[in-house]
Amino acid sequence: MRSARIQSSASCSASSSSTFPHPPCLTSASRHCKLPRLLSPRAVSISQRVSRNCLVPEMTQFSFSKHSNTNTDKKHLFHAGVGALETANTQAISTGPLIGEEKIGVLLLNLGGPETLDDVQPFLFNLFADPDIIRLPRLFRFLQRPLAKFISVLRAPKSKEGYASIGGGSPLRRITDAQAEELRKSLWEKNVPAKVYVGMRYWHPFTEEAIEQIKKDGIAKLVVLPLYPQFSISTSGSSLRLLESIFRDDEYLVNMQHTVIPSWYQREGYIKSMANLIEKELQKFDHPEKVVIFFSAHGVPLAYVEEAGDPYKAEMEECVDLIMEELEKRKITNAYTLAYQSRVGPVEWLKPYTDETIIDLGRKGVKSLLAVPISFVSEHIETLEEIDVEYKELALESGIQNWGRVPALGCEPMFISDLADAVIESLPYVGAMAVSNLEARQSLVPLGSVEELLATYDSQRRELPPPVTVWEWGWTKSAETWNGRAAMLAVLVLLLLEVTTGKGFLHQWGILPLFR
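Residues numbered from 1 in each chain as written. Predicted model: local features only at pLDDT ≥ 70, side-chain atom pairs only at ≥ 80, totals over all residues. Heavy atoms only, no water.

As for the overall build of the chain
Thinking step 1. Scanning the chain from N- to C-terminus turns up 15 helices and eight strands.
Thinking step 2. Looking at the 516 residues of the chain, the share that counts as buried comes to 60%.
Thinking step 3. Restricting the contact set of the chain to residue pairs at least 6 apart, pairs at least 24 apart contribute 81%.
Thinking step 4. Working note: accessible area of the chain is about 21,000 Å², and carbon and sulfur atoms make up 53% of it. (Helix = DSSP H or I, 4+ residues; strand = E, 2+ residues; numbered from the N terminus. Buried < 20%, exposed > 50% of the residue type's maximum accessible area, 1.4 Å probe, protein only. Contact = heavy atoms within 4.5 Å. Areas by Shrake-Rupley, 256 points an atom, 1.4 Å probe, with all protein chains shown as cover.)

The structure is reproduced here in structure tokens:
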């Protein structure tokens, strides 16, 4: 018996296309991997997904295999990893030892979060000041920082309530530090004496702080590892853009060899670790076989996928397929579905939305639901407050009687060990050109340098239309969203008047003069 994917009626046609929107450099070459047994109308056709040899900038010369064997041994499907070093026909690009006298560093990238309630407002400012989070029309880009200040001041009280409910701050730094330490230990156990650093995008320790420590420690080879299983231009991409700007202006960093592991959702250790946690939580229900497995991923604006070629949606759906395939091997054939949470502002995001899907499942008579935070490897506000409190309450109100939630991976030993393997597999590529292996299941984003990845996935983003393209009226329950459906236009008008006249309540509050 096969698992059945539940199609939510909350999904709209705008986000249900089965064709992956490729960036200009991409083709429709087959990725030569096993077709999933179940594919919803929203799912991306794996036969249309691209091979990694077309994902690199045209100006860089690469040597790739032009053919692959479609009868791939199943034992190689998971071990492809980001470097595909464990497949039978892979040719090593380095004949020397992986570990020499040069110091090796691993930089873990993550979002960051406020550690105290006093940190909430400046954290929100850093978040909304990022043009990857809020895109303004070219004419209004000078308002990015005033708008971020306005939104952060406006949202801080509500967000503080959410953080107060989970202990007064985000546990993300503590958990990420613990993951870094466990990764360091695992690497040393595998005879790779590397130092592991943590660089957050919007709060301490900032990426800039981590880079300064890397320079002080004299690191010569660096592996950049975003702690996002799936690649998105709004998460990993934003951090890589920051790294690019830092690298460009620093002679030491220009000469330091590095490579990036852009995504690792398809790795065996990650897939099996997620399946282990799901299997364990299912056993807590009276009737585990009747539980619907509810994968909830952090959403991204729809334009990122349809216009910028963000592979996030495709990688997320393939990730869910891989986890369900692993569960089926264990005779777990529960129904399942995937939805997206944490949308912000008036722009349309990937659908179906988590809150709407929960209501829809209740209407369909679902009584037992197991939430799986699929895009999160650490507990933070989106899991501890948004899922555990708000979505649970919504589920119970919608007629769902039994609720469970799979914990984030945290420091699960198999997960950490597999991350260490990913780092080790990437070492031959440090400072070398990325190579392609079409014989195994691959990430949609290639191993490569910061510049190579951004040349592929950042070249068109500045030309995207402004985000306010679809208006939906009403309020959402999520503490991590704000009601921008009507507010964004009013905010822009008010800010324009403030800037042009030099008068208004923002000047009276002493906000806008900070940006003169």
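Picking up where we left off.
What about the packing of aromatic side chains?
Thinking step 1. For the structure on display, the rule yields four aromatic pairs.
Thinking step 2. Seen in terms of ring centroids, Trp203 and Phe206 are 6.1 Å apart; in terms of plane orientation they differ by 70°. Their pairing is edge-to-face. Exposure class is identical for Trp203 and Phe206. Each is buried.
Thinking step 3. For the ring pair Phe295 and Tyr336, a centre distance of 6.3 Å and an interplane angle of 85° mean the geometry is edge-to-face. Remark: Tyr336 occurs in strand β6 (residues 336-341) and Phe295 occurs in strand β5 (residues 292-298); sequence separation between them is 41 residues.
Thinking step 4. For Tyr336, a relative accessible area of 1% puts it in the buried group.
Thinking step 5. Counting every residue linked through ring pairs, the aromatic cluster contains Trp264, Tyr270 and Phe415.
Thinking step 6. Between Arg343 and the ring centre of Tyr353, over which it is positioned, the NZ or CZ distance is 3.8 Å. (Phe/Tyr/Trp six-rings, centres within 6.5 Å; stacked < 30°, edge-to-face > 60°. Lys NZ or Arg CZ within 6 Å of the ring centre and 35° of its normal.)

Focus on unusual backbone geometry
Note: most residues except glycine have negative phi, and most peptide bonds are trans.
Thinking step 1. The linkage connecting His204 with the following residue, Pro205, adopts the cis geometry, with an omega of -10°.
Thinking step 2. Looking at the secondary structure, you find Pro205 in the loop between β2 (195-200) and α4 (207-216).
Thinking step 3. Of note, the bond from Lys351 into Pro352 is cis; its omega dihedral lies within 30 degrees of zero at 5°.
Thinking step 4. Assignment of secondary structure puts Pro352 in the loop between β6 and α10 (354-363).
Thinking step 5. Positive phi values are uncommon outside glycine, yet Ser342 reaches one of about 65°.
Thinking step 6. Positionally, Ser342 belongs in the loop between β6 and α10.
Thinking step 7. For Ser342, a relative accessible area of 4% gives the class buried.

With respect to the pairing of β6
Thinking step 1. Summarising burial for β6: six of the six residues are buried, a large majority.
Thinking step 2. Where burial is concerned, the two faces of β6 agree: the one with Tyr336, Leu338 and Tyr340 and the one with Thr337, Ala339 and Gln341 are both buried.
Thinking step 3. Sheet analysis places β5 next to β6, joined by six bridges and oriented parallel. Within β6, the position partnered with Phe294 by the bridge is Thr337. (Pairing = 2+ DSSP bridges.)

Structural notes on helix α2 (residues 144-165)
Thinking step 1. Between its first and last C-alpha, α2 extends 30 Å over 22 residues, near the 32 Å set by a 1.5 Å rise per residue.
Thinking step 2. Along α2, the helix axis deviates most sharply at Ala156, where the bend reaches about 50°; the proline Pro157 sits within four residues downstream.
Thinking step 3. Looking one or two places after α2, you find Gly167, whose phi comes out positive at around 110°. (Expected span 1.5 Å × (residues − 1). Bend = angle between axes of the 7 residues up to and from the residue.)

A short note on the sheet that holds strand β3 (residues 221-226)
Thinking step 1. The four strands lie next to each other as β2-β1-β3-β4, forming an open sheet whose pairing is parallel. Of all the strands in the sheet, just β2 and β4 (257-260) have a single pairing partner and so form its edges. For this sheet, the mean inter-axis angle between neighbouring strands, taken without regard to orientation, is 20°.
Thinking step 2. Of the strands in this sheet, β1 (104-110), β2 and β3 touch α4, which is tilted by about 155° from β2. (Axes fitted to C-alpha atoms, helices over the stretch in contact; angles between N-to-C directions.)

Some thoughts on the sheet that holds strand β8 (residues 402-405)
Thinking step 1. Here four strands make up an open sheet; going across it, the order is β6-β5-β7-β8 and the pairing parallel. Edge positions in the sheet fall to β6 and β8, since each has one partner strand and no second. Going across the sheet, the axis of each strand differs from the next one's by a mean of 25°, ignoring polarity.
Thinking step 2. Note: β5 against strand β7 (residues 368-373), five bridges, orientation parallel. In the sheet register, Val292 faces β7, and the bridge partner there is Leu369.
Thinking step 3. On the sheet, helix α7 (residues 268-282) packs against β5, β7 and β8 and is oriented at approximately 155° with respect to β7.
Thinking step 4. Those strands touched by helix α11 (residues 381-397) are β5, β6, β7 and β8, and its axis lies near 170° from that of β8.

Description of the pairing of β1
Consecutive side chains along a regular strand alternate between the two faces of the sheet.
Thinking step 1. Within β1, seven of the seven residues are buried, leaving the element largely enclosed by the surrounding structure.
Thinking step 2. Residues Ile104, Val106, Leu108 and Asn110 point to one face of β1 and Gly105, Leu107 and Leu109 to the other, with burial holding for every one of them.
Thinking step 3. When β1 meets β3, the two strands line up parallel, connected through six bridges. Its bridge partner lying in β3, Gly105 is registered against Leu222.
Thinking step 4. Note that β1 and β2 share six bridges and pair parallel. Bridge pairing in β2 links Gly105 to Lys195.

Quick notes on the confidence of the model for the chain
Thinking step 1. For the chain, the mean per-residue pLDDT works out to 75, and 65% of the residues sit at or above 70.
Thinking step 2. Low pLDDT, under 50, characterises residues 433-446; the stretch is placed with 79 contacts to residues that sit more than four places away or in other chains. (pLDDT = per-residue confidence, 0-100.)

Re the packing of α7 against helix α12 (residues 413-426)
Thinking step 1. Packing of α7 against α12 brings their axes to within 8 Å, and their N-to-C directions diverge by 170°. Taken together, the axes of α7 and α12 are roughly antiparallel relative to one another. Where α7 approaches α12, its residues Glu268, Gly269, Tyr270, Lys272, Ser273 and Asn276 are matched on the opposing element by Met414, Phe415 and Asp418.
Thinking step 2. Class assignment of the residues belonging to the contact of α7 with α12 gives a composition of three nonpolar, three polar and three charged. (Parallel < 35°, antiparallel > 145°, perpendicular 65-115°, else oblique. Nonpolar A, V, L, I, M, F, W, Y, C, P; charged D, E, K, R; others polar.)

Considerations on the packing of α4 against helix α5 (residues 236-248)
Thinking step 1. Close contact between α4 and α5 brings their axes to 11 Å; oriented N to C, the two are set at 45°. In terms of orientation, α4 and α5 fall into the oblique class. At the point where α4 passes α5, the crossing takes the right-handed sense. Across the interface between the two elements, Thr207, Glu208 and Ile211 from α4 touch Leu242, Leu243, Ile246 and Phe247 from α5. (Left-handed = near helix turned anticlockwise from the far one by under 90°.)

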